[in-house]
Amino acid sequence: MSPHVSIYHNPACGTSRNTLALIRHAGIEPEVIEYLKTPPTKDRLLQLVQAMGLPVRDLLREKGTPYAELKLGDPALSDEQLLHFMLLHPILINRPIVVTPLGTALCRPSERVLELLPVPQLAPFTKEDGEVITDTGARRA
């Protein structure tokens, strides 16, 4: 039986597509959550942030989002306020977020997913742009 792996995915994002392809390259068919269509609940988003060990602000995406218009760079905004904006505008949630039995991470760059895959070392993988990723076999404990 394949381990449970999920990916918070945006099919319009190259990094997200490459991460999903790497997971499938490992022989795992993940639960694909298109978070723009099915946004996480506030509780789930907070769980993901805590599991990644990131400050809430580090999960904000600036490019191609209403980040500037909403003045989200203001350091006075609380985590609660930032989460509120991410729930109102899911495009503000950076991606892809991958959850596996070995942990949870924001997989930027896409090859960051390799440390989370509960499988042996993989054969080389070629990303959409032609870059070849070589798996060292290093995994989280």
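The following paragraphs examine the structure supplied in this document.

Quick notes on the rules
The numbers attached to residues start from 1 for each chain and follow its sequence in the written order. Reporting in this predicted model follows two pLDDT cut-offs: at least 70 for local features of residues, and 80 or more for side-chain atom pairs to be given and counted; totals over whole chains, interfaces and linings ignore these cut-offs and use all residues. Where side-chain values are given, they derive from all heavy atoms of the structure, hydrogens and water being excluded. In plain terms, two cysteine sulfur atoms within 2.5 Å form what is called a disulfide here. Between buried and exposed lies partly exposed: a residue is buried under 20% and exposed over 50% of the maximum accessible area for its type, with that area taken using a 1.4 Å probe on protein chains only. Working definition: helices are DSSP H or I runs of at least four residues, strands are E runs of at least two. Numbering for both runs from the N terminus. Two strands make a pair as long as DSSP finds a minimum of two bridges between them. A clockwise course of the path from the first strand over the helix to the second, judged with the strands pointing away from the viewer, identifies a crossover as right-handed. Axes here refer to lines fitted to C-alpha atoms; in helices the fit is confined to the stretch in contact. Angles between the N-to-C directions go from 0 to 180 degrees. If an angle is under 35 degrees, it is roughly parallel; if it is over 145, roughly antiparallel; if it lies from 65 to 115, roughly perpendicular; otherwise it is oblique. In a left-handed crossing the near helix is turned counterclockwise from the far helix by less than a right angle, and in a right-handed crossing that turn is clockwise. By definition in these notes, contact holds between two residues if any of their heavy atoms fall within 4.5 Å. Amino acids outside the nonpolar list (Ala, Val, Leu, Ile, Met, Phe, Trp, Tyr, Cys, Pro) and the charged list (Asp, Glu, Lys, Arg) are all regarded as polar, and Gly is one of them. For this quantity, the arc is that covered by the directions from the helix axis to the C-beta atoms. By nonpolar core is meant a set of buried Ala, Val, Leu, Ile, Met, Phe, Trp, Tyr and Cys residues that side-chain atoms within 4.5 Å join together. Just to be clear on terms, a salt bridge is a Lys or Arg side-chain nitrogen sitting within 4 Å of an Asp or Glu carboxyl oxygen.

1. Overview of the state of the cysteines
So, point 1. In total, this model carries zero disulfides according to the counting rule given.
So, point 2. In this structure Cys13 is a free cysteine whose sulfur lies 11 Å from that of Cys107, the closest cysteine sulfur available.
So, point 3. Exposure remark for Cys13: the relative accessible area of 5% places this residue in the buried category.
So, point 4. Classification of Cys107 by relative accessible area gives buried; the value is 0%.

2. Quick look at the pairing of strand 1 (residues 6–9)
So, point 1. Alternating positions in strand 1 separate into two faces, Ser6 and Tyr8 on one and Ile7 and His9 on the other, with burial throughout.
So, point 2. By the bridge criterion, four bridges tie strand 1 to strand 2 (residues 31–34) in an arrangement that is parallel. Bridged to Ile7 within strand 2 is Val32.
So, point 3. For the segment spanning strand 1, helix 1 (residues 14–25) and strand 2, crossover handedness is right-handed.

3. Overview of the packing of helix 2 (residues 42–52) against helix 3 (residues 79–88)
So, point 1. Packing of helix 2 against helix 3 brings their axes to within 10 Å, and their N-to-C directions diverge by 120°. When the axes of helix 2 and helix 3 are compared, the pair comes out oblique. Classified by chirality, the crossing of helix 3 by helix 2 is right-handed. From helix 2, Lys42, Leu45 and Leu46 reach across to helix 3, where they touch Glu80, Leu83, Met86 and Leu87.
So, point 2. Class assignment of the residues belonging to the contact of helix 2 with helix 3 gives a composition of five nonpolar, no polar and two charged.

4. A word on helix 2
So, point 1. If you check which residues of helix 2 are buried, you get Leu45, Leu48, Val49 and Met52. For helix 2, the arc enclosing every buried residue in end-on projection is 95°, short of the 170-degree limit, so these residues lie on one face. Within helix 2, the exposed residues directed more than 90 degrees away from the buried face are Asp43 and Gln50.
So, point 2. The inward-facing, buried residues of helix 2 contact strand 1, helix 3, strand 3 (97–100) and strand 4 (103–106).

5. Brief notes about the nonpolar core
So, point 1. One finds Leu59, Leu72, Met86 and Ile97 to be the most contacted residues of the largest nonpolar core, which totals 22 residues.
So, point 2. Those elements giving two or more residues to this core turn out to be helix 2, helix 3 and strand 3.
So, point 3. Residues Val113, Leu114, Leu117 and Ile133 belong to the second largest nonpolar core, which totals 18 residues.

6. Observations concerning the pattern of salt bridges
Once the charged atoms of two side chains with opposite charge are near each other, the side chains can pair.
So, point 1. All told, the structure shown has nine salt bridges when counted by the stated rule.
So, point 2. The closest approach of N and O atoms between Glu29 and Arg24, which form a salt bridge, is 2.9 Å.
So, point 3. Among the residues examined, Glu29 registers a relative accessible area of 53% and is labelled exposed.
So, point 4. Bridged by salt links that share partners, the residues Glu111, Lys127 and Glu131 form one connected network.

7. Brief notes about the sheet that holds strand 3
So, point 1. Taking strand neighbours across the sheet as the criterion, the four strands line up as 2-1-3-4 in an open arrangement whose pairing is mixed. Across the chains shown, the open sheet's two edge strands, defined by having one partner strand only, are strand 2 and strand 4. Here the strands of the sheet are splayed against their neighbours by 15° on average, with no regard to which way each runs.
So, point 2. Pairing between strand 1 and strand 3: three bridges, direction antiparallel. Note that in strand 3 the partner of Ser6 across the bridge is Val99.
So, point 3. Sitting on the sheet, helix 1 is in contact with strand 1, strand 2 and strand 3, with an inclination near 160° to strand 1.

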